[in-house]
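Results of the structural survey
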Amino acid sequence: MKEISCKLLVIGAGPGGYVCAIRAGQLGVDTVIVEAGKPGGTCLNVGCIPSKALIHAAEEFEKVLHMAGGESPLGISVTAPTLDLAKTIAWKDGIVSRLNSGVAGLLKRAGVKTVHGWATFRDGKTVAVETETGSQVIRAEAIVIATGSAPVELPFLPFGGPVISSTEALALSEMPKKLAVVGGGYIGLELGIAFAKMGAKVTVVEALPRVLAQYDAELTRPVVKRLSALGIEVMTGVKAKGTKGGALLVETSDGKSTKVAADKILVTVGRKPVTEGWGLEQIDFDLAGKFIRIDDQCRTSMRGIFAIGDVTGEPMLAHRAMAQGEMVAEIVAGHKRSWDKRSIPAVCFTDPELVTAGLSPEEAKALGGEFKIGMFPFAANGRAMTKLGEDGFVRVVARADNHLVLGIQAVGQGASELAAAFGLALEMGARLEDIAGTIHAHPTQGEGFQEAALKALGHALHI
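Residues numbered from 1 in each chain as written. Predicted model: local features only at pLDDT ≥ 70, side-chain atom pairs only at ≥ 80, totals over all residues. Heavy atoms only, no water.

**Considering the packing of aromatic side chains**
Note the following rule: Each Phe, Tyr or Trp ring, with Trp reduced to its six-membered ring, pairs with another whose centre is within 6.5 Å; inter-plane angles below 30 degrees give stacked pairs, above 60 give edge-to-face pairs, and intermediate values give tilted ones. Secondary structure is summarised from DSSP: a helix means a run of H or I of at least four residues, a strand means a run of E of at least two, and numbering begins at the N terminus for each. Categorising residues by exposure relies on relative accessible area from a 1.4 Å probe, with only protein chains included: less than 20% of the type maximum marks a residue as buried, more than 50% marks it as exposed, and the intermediate range marks it as partly exposed.
Per the stated rule, a full pass over the model turns up two aromatic pairs. Seen in terms of ring centroids, W118 and W278 are 4.1 Å apart; in terms of plane orientation they differ by 15°. Their pairing is stacked. Linking W118 in strand β4 (residues 118-123) with W278 in the loop between β16 (271-273) and β17 (287-288), this pair joins segments that are 160 residues apart in sequence. Since its relative accessible area comes to 35%, W118 is described here as partly exposed. For W278, a relative accessible area of 9% translates into the label buried. Centre to centre, the rings of F422 and F449 are 4.9 Å apart; their planes meet at 65°, and the pair counts as edge-to-face. Of this pair, F422 sits in helix α11 (residues 419-427) while F449 sits in helix α13 (residues 447-457), and the two are 27 residues apart along the sequence. F422 sits in the buried class, given a relative accessible area of 0%.

**Examining the packing of helix α3 (residues 48-68) against helix α4 (residues 85-109)**
Applied cut-off: An axis is simply a line fitted to the C-alpha atoms; with a helix, the fit covers only the stretch in contact. Between two such axes, the angle follows the N-to-C directions and lies from 0 to 180 degrees. With the far helix as reference, a near helix turned anticlockwise by less than a right angle produces a left-handed crossing, and one turned clockwise produces a right-handed crossing. The contact definition used throughout considers only heavy atoms, calling two residues in contact when any of these lie within 4.5 Å. Under the grouping applied here, Gly and all other residues not named as nonpolar or charged are polar, the nonpolar ones being Ala, Val, Leu, Ile, Met, Phe, Trp, Tyr, Cys and Pro and the charged ones Asp, Glu, Lys and Arg.
Relative to each other, α3 and α4 sit at 140°, their axes nearing to 9 Å. Our pair here, α3 against α4, has a crossing hand that is right-handed. Contacts between α3 and α4 involve I49, P50, A53, L54, H56 and A57 from the first element and L85, T88, I89, W91, K92, I95, V96 and L99 from the second. The residue makeup of the contact of α3 with α4, split by class, is eleven nonpolar, two polar and one charged.

**Regarding the pattern of salt bridges**
Heads up, the rule is: Here a salt bridge means any side-chain nitrogen of Lys or Arg lying within 4 Å of a carboxyl oxygen belonging to Asp or Glu.
Under the criterion given, the structure shown has 14 salt bridges. Put simply, E330 and R23 hold a salt bridge, and the shortest N to O gap is 3.0 Å. Of this pair, E330 sits in helix α8 (residues 318-332) while R23 sits in helix α1 (residues 15-26); the two residues are 307 residues apart in sequence, bridging distant segments of the chain. Overall, R23 belongs to the partly exposed group, its relative accessible area being 22%. Linking D351 and R226 is a salt bridge whose minimum nitrogen-to-oxygen distance equals 2.8 Å. Here D351 is found in the loop between β20 (346-348) and β21 (353-358), whereas its partner R226 is found in helix α7 (residues 217-229), with 125 residues between them in sequence.

**Describing the state of the cysteines**
Put simply, the test is: Note that a disulfide, as used here, is simply two cysteine sulfur atoms within 2.5 Å.
Inspection of every chain in the model, using the stated rule, returns zero disulfides. Free cysteine: C20, not disulfide-bonded; nearest cysteine sulfur from C298 at 9.2 Å. Take C20: its relative accessible area is 0%, and that puts it in the buried class. Among the residues examined, C298 registers a relative accessible area of 0% and is labelled buried.

**Side note on α4**
Where we set the bar: By this rule the span expected of a helix is its residue count minus one, scaled by 1.5 Å.
Compared with an ideal rise of 1.5 Å per residue, which puts 25 residues at 36 Å, α4 spans 36 Å between its outermost C-alpha atoms and is within 8% of the ideal. When α4 is considered as a whole, its buried residues turn out to be L85, T88, I89, K92, V96, N100, V103 and L107. Considering only its buried residues, α4 is in contact with α1, β2 (31-35), α2 (41-46), α3 and β3 (113-116). Remark: G111 follows α4 within two positions and exhibits a positive phi of approximately 80°.

**Topic: the environment of E141**
Tracing the backbone through its elements, the reader meets E141 in strand β6 (residues 134-145). Since its relative accessible area comes to 53%, E141 is described here as exposed. Along the primary structure E141 and E130 are separated by eleven residues, whereas in three dimensions their C-alpha atoms are 21 Å apart. Beyond its immediate stretch of four places on either side in the chain, E141 contacts C6, K7, K125 and G304.

**A few points about the nonpolar core**
Side chains of nonpolar character tend, in soluble globular proteins, to be buried together. Quick note on the threshold: In plain words, nonpolar cores are sets of buried Ala, Val, Leu, Ile, Met, Phe, Trp, Tyr and Cys residues tied together by side-chain atoms within 4.5 Å.
Of all hydrophobic cores here, the largest spans 35 residues; its most connected members are F195, V202, I232 and L354. Among the elements of the structure, α3, α4, β9 (178-182), α6 (186-197), β10 (201-206) and α7 are those that each provide at least two residues to this core. In terms of residues, this core owes the most to one element, α6, which gives seven residues. Residues within four places of I232 in sequence aside, it is in contact with G192, I193, A196, V202, V204 and L227.

**Examining the layout of surface pockets**
Applicable threshold: Grid spacing is 1 Å over the protein atoms alone, the probe is 1.4 Å, and a cavity is where that probe fits but cannot get out, while a pocket is an open set with protein on both sides within 12 Å along at least five of seven lines and lining residues have an atom within 4 Å of a point. Grid points are joined across faces, edges and corners, and a volume is the space filled by probe spheres set on the points.
In this structure, the second largest pocket encloses a volume near 1100 Å³. Forming the boundary of the second largest pocket are 32 residues, of which K63, R226, D351, L388 and Q413 lie nearest the centre. Elements represented by at least two residues in the lining of the second largest pocket include exactly α3 and α7. Across the lining of the second largest pocket, the residue classes break down as nine nonpolar, eight polar and 15 charged.

So this is what it looks like as structure tokens:
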């Protein structure tokens, strides 16, 4: 059995793990990273990147459909389009493959040794890895657990056959005629909208009173409106119960049972940390429910062991994991580091898109004190008009006394690209006057951000 030693061992090459390893390598830390699958983790291989590729393909197909139907106000008409889903998936796979190679190359350039295999803890400093060529033991001064998350499986809807997770949904070779989506959160609606645009009859089943319940109702209203326009049936207050004869069995809020016809049933009820199979029982650290408990420097309760990313709980965001990974690498290298998670943006790639950073109005109100809200609709934004994307708005929440910005939200076509500006404003401790006094290029949707700040100050210019 081969043995190697290093200063830092990273288990998992997802966004958090590979960023941690690359940054550690840049700082001269002797680093080894272990990954059983392809580099990039869920995000690159079966999550963020492939889903956005599919969403983009669906958007383009729907545009052409409207043009073929004579519904385009742009005066463009084309013949009826067709969709070769297998070719779309192959294009998506090509993007993933290129990014896989890119991550591998970045690790190599940083001097990181990559070991392909499954890691199992022997103790707090030693890991055994089963590789294609045999077993290998790795001893490390510090270890980072970055094992990520996996889709939650419902006991009465086990994955297999017509019941699929987001992983299988992103690899379908044929378009289902009828798709039932169990779970009206961001994953379910992102994929549900994409499949509806590509021709599937989609029904969303959500147990809560409304979809996208993690966002406030005002922010999600344009999305709910769009669901109806796309012909997506939304059943709220309804619980999935199982399958029978090519249909999803559900129970309504009044206790009645009914069926939802479906060729495929996409279950998107959340994700769980991947903590099994790693021999974590061999080491003793605290948990926070199913997740690994960490402090503000991502240290676990066991000396020398850090944990980052989805395995540590919400928010399960790739960019959160990346920030944690970079910080941990610098801590291991001897730097003084900490991080403030208040400015982490979150994006929902529905149609229209949602982006949030910081506190919502309700969350700000819960803190007490007086605050100001400024809202600017895209219906008054020239660039949004020229893109046929007038639904939605930008909203800014700030303290009333000193105008410190507490939170920023937007919903609209292409709103995800405003996430960087929102995060930067919060990170820099911006006040309303800072945003209002920043010259924004015209015509852009970003002007809505400036106008929202002006509105909160009481002197909006374009509304």
